2 protein chains.
Amino acid sequence: MKTYLDCIPCFFKQALRASRMFGVDENLQKRIINDIAREVVRFPLSCSPPEMGRIIYASIRKYTDTNDPYKSLKEESNKIALSLYEELSKIVKNAHDPFFTALKLAVAGNLIDYGVVQDFDIKKEIFDLLEKDFALLDYDEFKDSLNKANNILYLADNAGEIVFDHIFIKSLKEKTGKDITLAVRGAPIINDATMDDALFCGIQHTVPIVQNGYDAPGTILPHCSKEFLNIYNKSDMVISKGQGNFESLSEKDKNIFFLFKVKCRCVADHVGVALGNIVMVSNKRYIKK
Amino acid sequence: MKTYLDCIPCFFKQALRASRMFGVDENLQKRIINDIAREVVRFPLSCSPPEMGRIIYASIRKYTDTNDPYKSLKEESNKIALSLYEELSKIVKNAHDPFFTALKLAVAGNLIDYGVVQDFDIKKEIFDLLEKDFALLDYDEFKDSLNKANNILYLADNAGEIVFDHIFIKSLKEKTGKDITLAVRGAPIINDATMDDALFCGIQHTVPIVQNGYDAPGTILPHCSKEFLNIYNKSDMVISKGQGNFESLSEKDKNIFFLFKVKCRCVADHVGVALGNIVMVSNKRYIKK
């Protein structure tokens, strides 16, 4: 997905919200705004929004004097999610359709996103989302693709959320027996899951984990590591979590299924659903003919 | 009022809304965004938001190839307001308190603002506002000041709205017999009232009209003409309409009363009322001690 002009005011809003969250003083907030303004001038709209997301948070990092201002928030969301692990696993096990429940749980986990929404009650939201229907659901294509695929690459989104992904990945392995690799960001960016988060959540005991080699809040292929690209290119199917991965990969010529909650109006318009909906869509819908 | 950091995303939003209103294509919209981004970098927050408003609309004018993209909209709002003139004058005449009703009508007229709000039904909104109470009302100070003043300077805000101001100015003249001068912008900016609008609405038959010599959507004194400043300095009392005049004059050491509808969150927070309220406030509330 390209960057829409309406993303631009939102870049500045995000920068302000995040810098305030980390107690950046007003003078430094203006310097962050100035950094972004300078970047906006040279930013081509053909780039996807996560490329600007990377720039925004790089600027904030510069002034907060820490490499990972979201570290403690990520740790907290990992812990909260892990504390729900047993209960959620039981819900999946006892469900009428355990596999679909695990899938839905994975997208419900996508609500844990400090980058877009700040205040939430995780547990309540999860149960609300489990009751919610997908606004778009390419489930037949998804199951068909699962049957045919040998290698599946699973792109993680946020810390905390990866615990939900873990439950879904276990369900995927049980149901299909296919080779699955989990990919995380190459370095800290917002609250996105990194190797540390994945290891903390114990996912290495279920599937191999690879870092994508870049620190954008999405998957910008030209910047990813050779190791990651090798796995990406060899995979028959990609399961992609979160809006950032959708924004950066929606038009790639690859067999990708996106699972996410629609968190902003530009993406909602692009996807063709209302804000706040959950979707599971094949990228075939979005590849330009 | 200084520019708040939260005004910055809003500058970009305003630019997009206005450029789309005038059918500016997407490539030119990005160039307008780039112009504003470059200006944001060098814009000190100590300047008031109307100074950036001027820059935004100057950029849009550059790409729309017209000196006054709002011309027809202003003409339309002048005509709509003039069509209500007799009816509104009767409402004032028959009111329990004609003077206060005329004052309220003047602030009700401030809803006609294409710069901030796009869709509205003027007549319905006016009658709704006439029913509404002021969130802040320094009325005793206002009447006291009127009694003492010899020369009153009345700062207009928007086209259309000036018809409502005309009714209030007539009421002011009848009640006080004081010298009143109406000031309009020095050149077209958004839908702000200029000399053409004032003349079209026939206000020259009631009071003298002066141009302020500058084309910001507010009153930026250092840029105003000598003629205007002469009148401003000699006036014992200023009645100032609209948010833009408030933003640019709220901290001046002068006897000013501001009448406006609060149209954005930053101003609402600064003034200390909820968004959408109407206020009539003395600048003594906002002068920094």
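The rules we used
Counting restarts for each chain, with residues numbered from 1 along the sequence as it is written. Chains carry letters from A onward and ligands carry numbers from 1 onward, assigned in written order. Local features in this predicted model are restricted to residues whose pLDDT is 70 or higher, and side-chain atom pairs enter the listing and the counts only when it is 80 or higher, whereas totals over whole chains, interfaces and linings include all residues. Heavy atoms from the whole structure form the basis of all side-chain values; hydrogens and water molecules are not counted. Labels follow the DSSP assignment, with helices taken as runs of H or I lasting at least four residues and strands as runs of E lasting at least two, numbered in each case from the N terminus. Atoms counted for the radius of gyration: C-alpha only. Globule rule: 2.2 Å times residue count to the power 0.38. Relative accessibility under 20% of the residue-type maximum defines a buried residue, over 50% an exposed one, and the middle range a partly exposed one, all with a 1.4 Å probe and only protein chains included. Charge counting follows a simple rule: Lys and Arg are positive, Asp and Glu are negative, and His as well as the terminal groups are ignored. A charged residue contributes its charge at one atom only: NZ of Lys, CZ of Arg, CG of Asp or CD of Glu. Take a side-chain nitrogen of Lys or Arg and a carboxyl oxygen of Asp or Glu: if they are within 4 Å of each other, that pair is a salt bridge. As used throughout, domain bounds are those supplied by an automatic or database domain assignment. The buried area of a pairing is the accessible area, by a 1.4 Å probe, that goes missing from both parts when the two are put together, added over both. Residues adjacent in sequence count toward polar contacts only when both atoms are side-chain atoms; beyond that, a polar contact is any pair of N or O atoms within 3.5 Å, and within protein one must be able to donate a hydrogen and the other to accept it. Strand pairing follows a simple DSSP-based rule, namely that at least 2 bridges must link the two strands. Contacts were defined at the residue level, with two residues in contact if any of their heavy atoms lie within 4.5 Å. As a rule, the C-alpha atoms of each element are fitted with a line to give its axis, helices using only the stretch in contact, and angles between N-to-C directions run from 0 to 180 degrees. pLDDT expresses, on a scale from 0 to 100, how confident the predictor is about each individual residue. To line up the copies, we fit them by least squares on C-alpha atoms, keeping just the residues with pLDDT of at least 70 in both. Polar here means any residue outside two lists: the nonpolar Ala, Val, Leu, Ile, Met, Phe, Trp, Tyr, Cys and Pro, and the charged Asp, Glu, Lys and Arg; Gly therefore counts as polar. What counts as a disulfide here is a pair of cysteine sulfur atoms lying within 2.5 Å.

Chemist: Lay out the overall build of chain A in plain terms, naming residues and giving numbers.
Modeler: Each helix and strand in chain A was counted, giving 12 helices and 7 strands. The C-alpha radius of gyration of chain A comes to 18 Å, within 12% of the 19 Å expected for a compact globule of 289 residues. Within chain A, buried positions represent 61% of all 289 residues. If you average the places of the 39 positive and of the 39 negative side-chain charges in chain A, the two averages end up 3 Å apart.

Chemist: How would you explain the pattern of salt bridges if you had to name every residue and give the values?
Modeler: All chains considered together, the criterion is met by 32 salt bridges over all chains. For the salt bridge of A:Asp157 with A:Arg185, the shortest nitrogen-to-oxygen distance reads 3.4 Å. You can see A:Asp157 sitting in the loop between β2 (151-155) and α8 (161-176) and its partner A:Arg185 sitting in the loop between β3 (179-184) and α9 (195-200), a full 28 residues away along the chain. Each member of the pair, A:Asp157 as well as A:Arg185, is classed as buried. Two residues, B:Asp68 and B:Lys74, come together in a salt bridge whose shortest N-O distance is 3.6 Å. Exposure class is identical for B:Asp68 and B:Lys74. Each is buried. Three or more residues joined by partner-sharing salt bridges are found here, namely A:Asp35, A:Arg38 and A:Lys62.

Chemist: I'd like a rundown of the domain arrangement of chain A, residues and numbers included.
Modeler: Put simply, an interface is often sized by how much accessible area is lost when its parts join up. Residues and elements named next belong to chain A. Here the domain parsing of chain A yields domain 1 (7-64) and domain 2 (71-285). A straight line from the C-alpha centre of domain 1 to that of domain 2 covers 25 Å. The three residues of domain 1 that bury the most area against domain 2 are Met21, Pro50 and Arg54, which together make up 42% of that side's buried surface. Where domain 1 meets domain 2, there are 2 salt bridges. At the boundary of domain 1 with domain 2, the tally comes to 4 residue pairs in polar contact (both at pLDDT 80 or more). Counting only elements with at least two residues in the side of domain 1 that touches domain 2, the list comes to α1 (7-21) and α3 (49-64).

Chemist: Let's hear about the sheet that holds strand β1 (residues 136-137) of chain B: which residues, and what values?
Modeler: Residues and elements named next belong to chain B. Judged by pairing direction, the sheet is mixed, and its 7 strands sit side by side in the order β1-β7-β6-β5-β2-β3-β4 without closing on themselves. Of all strands in the sheet, those bounded by a partner on one side alone are β1 and β4 (209-211). Where strand β3 (residues 179-184) lies against β4, 3 bridges are found, and the strand directions are parallel. Counted as the bridge partner of leucine 182 is isoleucine 209 from β4. Against the sheet, helix α7 (residues 139-148) engages β1, β2 (151-155), β5 (237-241), β6 (256-261) and β7 (278-282), with an angle of about 130° to β5. Across the sheet, helix α10 (residues 226-234) lies against β2, β3, β4, β5 and β6, angled at about 125° from β2, the strand it touches most.

Chemist: Which residues make up the confidence of the model for chain A, and what values do they have?
Modeler: Residue and element names in this part refer to chain A. Per-chain confidence: chain A averages 92 in pLDDT, with 96% of residues scoring 70 or above. The low-confidence segment residues 115-119 (pLDDT under 50) makes 9 contacts with residues lying over four places distant or belonging to another chain. Two summary scores accompany this predicted model of the complex, namely pTM at 0.90 and ipTM at 0.88.

Chemist: Please set out the environment of B:Pro98 residue by residue, giving values where relevant.
Modeler: All names here are of chain B. Among the secondary structure elements, proline 98 is positioned in helix α5 (residues 98-108). Assessed through its relative accessible area of 33%, proline 98 is described here as partly exposed. C-alpha separation for the pair proline 98 and lysine 175, spaced 77 residues apart in sequence, amounts to 9.9 Å. When near neighbours in sequence (up to four residues on either side) are disregarded, proline 98 contacts Val92, Lys93 and Ser171.

Chemist: Residues and numbers for the relation of the copies chain A and chain B, please.
Modeler: When chain A is fitted to chain B, the best match, at an RMSD of 0.0 Å, comes from turning it 180° and sliding it 0.0 Å along the axis. Here the transformation between the copies is reduced to the relation of a two-fold axis. Both copies share a contact surface, since 100% of the interface residues of chain A are interface residues in chain B too.

Chemist: Got a sec to walk through the pairing of β6(B)? Specific residues and values, please.
Modeler: All names here are of chain B. Counting buried residues in β6 gives 6 out of 6 residues, a clear majority hidden from the surface. Covered by surrounding structure in β6 are Ile256, Phe258 and Phe260 together with Phe257, Leu259 and Lys261, the residues of both alternating faces. Summarising the sheet, β5 and β6 pair through 4 bridges and their orientation is parallel. Looking across to β6, one finds that lysine 241 is bridged to leucine 259. Here β6 runs beside β7; their pairing, made up of 5 bridges, is antiparallel.

Chemist: Requested: an account of the interface of chain A and chain B, with residues and values cited.
Modeler: With 20 residues of chain A in contact, the opposing surface of chain B contributes 20 residues. With both chains or domains summed, chain A and chain B bury close to 1,800 Å², and 68% of this area falls on carbon and sulfur atoms. Summed over the shared surface of chain A and chain B, the result is 4 salt bridges. A salt bridge links A:Asp6 to B:Arg20, with the shortest nitrogen-to-oxygen separation between them at 2.9 Å. Taken together, the links from chain A to chain B amount to 10 residue pairs in polar contact (both at pLDDT 80 or more). Sort the elements by how many residues they give to the side of chain A that touches chain B and helix α2 (residues 26-42) of chain A lands first, with 9 residues. In the side of chain A that touches chain B, the residues fall into 11 nonpolar, 2 polar and 7 charged.

Chemist: With reference to specific residues and values, describe the environment of A:Ile152.
Modeler: All names here are of chain A. As for its placement among the helices and strands, isoleucine 152 is situated in strand β2. Sequence-wise, isoleucine 152 and isoleucine 231 are 79 residues apart; in three dimensions their C-alpha atoms are separated by 9.2 Å. If near-sequence neighbours (up to four positions away) are discounted, isoleucine 152 is found in contact with Leu146, Lys178, Asp179, Ile180, Thr181, Met237 and Ile239.

Chemist: If you had to explain the state of the cysteines to someone new, which residues and values would you point to?
Modeler: All names here are of chain B. Summed over all chains, the structure comprises 0 disulfides over all chains. Not part of a disulfide, cysteine 47 finds its nearest cysteine sulfur in cysteine 7, a span of 12 Å. Judged by relative accessible area, cysteine 47 falls into the buried class, the value being 18%. Cysteine 266 forms no disulfide, and the closest cysteine sulfur to it belongs to cysteine 7, at a distance of 4.0 Å. Assessed through its relative accessible area of 13%, cysteine 266 is described here as buried.

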